Amino acid sequence: MVTACQGDSVPHPVQQLHHVTATVAEAQPDLDFCERQLGLRLVKRTVNFDNHSVYHFYYGTEAGAPGTIWTTFPYHGWNVPQGTHGAGQIVATAFSVPPGSLAFWRTRLAAGGFTTTARPPRLGQPVLAVRDPSGLVLELVEDLRDTRPPWDGGIPTGSAIRGLHSVTLLLHAREPTIELMTGLLGFRIVREEGARTRLAAGTDAPGHLADLVEAPGAPPGRNGLGTVHHVAFAIGSAAAQLALRAELVGAGRDVTEVRDRTYFQSIYFREPGGVLFEVATTAPGFAVDEPPAELGRSLRLPPWEESHRATIEATLPPIDR
Ligand code: ZN
């Protein structure tokens, strides 16, 4: 893992993005979009550990490396209203694609019935936006520095997604968030363009980036279908996570206890602008409960729920893959 530029004053910094999690509507359209349209690999099919009647899908590249993971909770049928995009939220999640590939993506997504929007170049990079079946804003960013291998999900290698590129936080005021992220979390400011400040953890490569966009008059976001629930950052060890947790608590943040997510351990807290942050360990990873070649093929449950498998499977909507 890259550890350059962390600075001596930040002993337990995060390393990069780990995953981004969204609340979506129906399971099947989500699977179809992420696997067939985007060419991501379903690396884990499990349930929401807080509601076992709702799937938790993890999509990524081959092994589900930190920084490549997009995860969804399909909450259709649970009376969860459509969310509102606004301040205090991740309003866009960007994936990294090779230079020159946006024309391919525009054609591919249009053929799948999805409308794309070309954004003005962002910090010098071309950006194409698309809304997923639930209304989430996803972006594809051409970045020539991305050396991560793609998953062979049916997309030509020269166009395939390499992993997460960045997330965009919409904030009424960015300074308090910058202070937290460049302080205890170990980010640094790498670029500024108008109302957008780009922060990076570790290096400034794709998968390490968070953009803060200040919009004092923006309406507040509201969680619901079609919104990002939280962003998770990777940390190198459980010990570093505990140390960071203690520092966050000492700084007055309300932080959860460490939670066992089977594939990683997590703590959660809200940053000053209201966005829910998670800090997740990189270990043990998605191969802890099924072989790498079979990731995502069957429903995996945490060990403490295996005795309820039949009941849980009966309540989940059927899916076709
Ligand atoms: Zn998470």
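Residues numbered from 1 in each chain as written. Predicted model: local features only at pLDDT ≥ 70, side-chain atom pairs only at ≥ 80, totals over all residues. Heavy atoms only, no water.

Novice: Help me understand the coordination of the zinc ion, please; the structure alone is not making it clear to me.
Specialist: Each pair of donors in an ideal four-coordinate tetrahedral metal site encloses 109.5 degrees, whereas pairs in an ideal six-coordinate octahedral site enclose 90 or 180 degrees. Coordination of the zinc ion by the protein is provided by His-19 (NE2), His-230 (NE2) and Glu-278 (OE), with metal-donor distances spanning 2.0 Å. For the zinc ion, the single-chain donor residues occur in sequence as H-x210-H-x47-E. Remark: His-230 occurs in strand β13 (residues 227–235) and His-19 occurs in strand β1 (residues 16–24); sequence separation between them is 211 residues. This pair shows no difference in class: His-19 is buried, exactly as His-230 is. (Donors = N, O, S within 2.8 Å, 3.2 Å for Na, K, Ca; no water. Helix = DSSP H or I, 4+ residues; strand = E, 2+ residues; numbered from the N terminus. Buried < 20%, exposed > 50% of the residue type's maximum accessible area, 1.4 Å probe, protein only.)

Novice: Even after reading the chapter, I still don't get the pattern of salt bridges, so can you show me in this structure?
Specialist: Considering all chains together, one arrives at 17 salt bridges under this definition. Note that Asp-211 and Arg-198 form a salt bridge whose closest N and O atoms lie 2.7 Å from each other. Of this pair, Asp-211 sits in strand β12 (residues 209–214) while Arg-198 sits in strand β11 (residues 196–200), and the two are 13 residues apart along the sequence. Asp-211 sits in the buried class, given a relative accessible area of 0%. Arg-309 is paired through a salt bridge with Glu-313; the nearest N and O atoms lie 2.9 Å apart. Here Glu-313 and Arg-309 lie together in helix α5 (residues 309–315), a separation of four residues that amounts to about one turn. With a relative accessible area of 40%, Glu-313 lands in the partly exposed category. Taken together, the salt bridges that share partners define one network made up of Lys-44, Asp-289, Glu-290 and Arg-300. (Salt bridge = Lys/Arg side-chain N within 4 Å of Asp/Glu carboxyl O.)

Novice: When you look at the sheet that holds strand β14 (residues 259–260) in this model, what are you seeing that I'm missing?
Specialist: Where strands meet in a sheet, backbone hydrogen bonds hold them as pairs that are either parallel or antiparallel. If you walk across this open sheet you meet the eight strands as β2-β3-β4-β1-β13-β16-β15-β14, and the pairing is mixed. Of all strands in the sheet, those with a lone pairing partner are β2 (41–48) and β14, marking the two edges. Relative to strand β4 (residues 69–74), strand β3 (residues 51–60) runs antiparallel, the two sharing three bridges. Along β4, the bridge assignment pairs Tyr-59 with Trp-70. Across the sheet, helix α1 (residues 27–37) touches β1, β2, β3 and β4, and the angle it forms with β3 is around 10°. (Pairing = 2+ DSSP bridges. Contact = heavy atoms within 4.5 Å. Axes fitted to C-alpha atoms, helices over the stretch in contact; angles between N-to-C directions.)

Novice: Would you take a moment to explain the confidence of the model for the chain for this structure?
Specialist: Fine structural detail should not be taken from predicted coordinates in areas where pLDDT scores are low. Confidence along the chain averages 95 in pLDDT terms, with 97% of residues attaining 70 or more. Note on residues 1–8: pLDDT is under 50 here. Beyond four places in sequence and across chains, it has seven contacts. (pLDDT = per-residue confidence, 0-100.)

Novice: Would you mind going over unusual backbone geometry with me for this structure?
Specialist: What is expected of a backbone is that most residues other than glycine have negative phi and most peptide bonds are trans. Residue Pro-284 is reached from Ala-283 by a cis peptide bond, and omega for that bond is 5°. Turning to its location among the elements, Pro-284 is positioned in the loop between β16 (276–281) and α5. Of note in the backbone geometry, Leu-123 takes a positive phi value of approximately 50° without being a glycine. Residue placement: Leu-123 occurs in the loop between β6 (116–122) and β7 (125–131). One non-glycine residue, Thr-262, lies in the positive phi region at around 70°. When you line up the elements, Thr-262 lands in the loop between β14 and β15 (265–270).

Novice: What exactly am I supposed to notice about the sheet that holds strand β10 (residues 188–193) here?
Specialist: Read from one edge to the other, the open sheet built from eight strands follows the order β6-β7-β8-β5-β9-β12-β11-β10, with strand pairing classed as mixed. Every interior strand has two partners, whereas the edge strands, β6 and β10, have only one. Averaged over all neighbouring strand pairs, the angle between strand axes comes to 25°, with direction disregarded. Sheet analysis places β11 next to β12, joined by five bridges and oriented antiparallel. Residue pairing for β12: Ala-200 is matched across the bridge by Leu-209. Contacts from helix α2 (residues 102–111) reach β5 (89–97), β6, β7 and β8 (137–142) within the one sheet, and its direction differs from that of β7 by about 10°.

Novice: Which parts of the structure should I look at to understand the packing of aromatic side chains?
Specialist: Aromatic rings in a pair are described by how distant their centres are and how their planes are angled relative to each other. Tallying each qualifying case throughout the model produces 14 aromatic pairs. Measuring from centroid to centroid gives 4.9 Å for Tyr-55 and Phe-57, while their planes differ by 25°, and the two rings are stacked. On the basis of relative accessible area, Phe-57 is assigned to the buried category, the value being 0%. Taken together, the aromatic side chains of Tyr-58, Tyr-263, Phe-264 and Phe-286 make up a single cluster linked through ring pairs. The side chain of Arg-41 reaches across the aromatic face of Trp-151, ending 4.5 Å from its centre. (Phe/Tyr/Trp six-rings, centres within 6.5 Å; stacked < 30°, edge-to-face > 60°. Lys NZ or Arg CZ within 6 Å of the ring centre and 35° of its normal.)

Novice: I tried to follow the nonpolar core on my own but got confused; where do I start?
Specialist: A general trend in soluble globular proteins is that nonpolar side chains are found buried together. Counting 62 residues, the largest nonpolar core has Trp-70, Trp-105, Leu-169, Met-181, Phe-187 and Phe-277 as the members making the most contacts within it. With residues up to four places along the chain from it excluded, the contact list for Leu-169 reads Gln-89, Ile-90, Thr-177, Ala-210, Asp-211, Leu-212, Val-213, Val-275 and Phe-277. Counting residues in hydrophobic clusters, the runner-up holds eight residues, among them Val-43, Tyr-58, Phe-264 and Leu-295. (Core = buried A, V, L, I, M, F, W, Y, C linked by side-chain atoms within 4.5 Å.)

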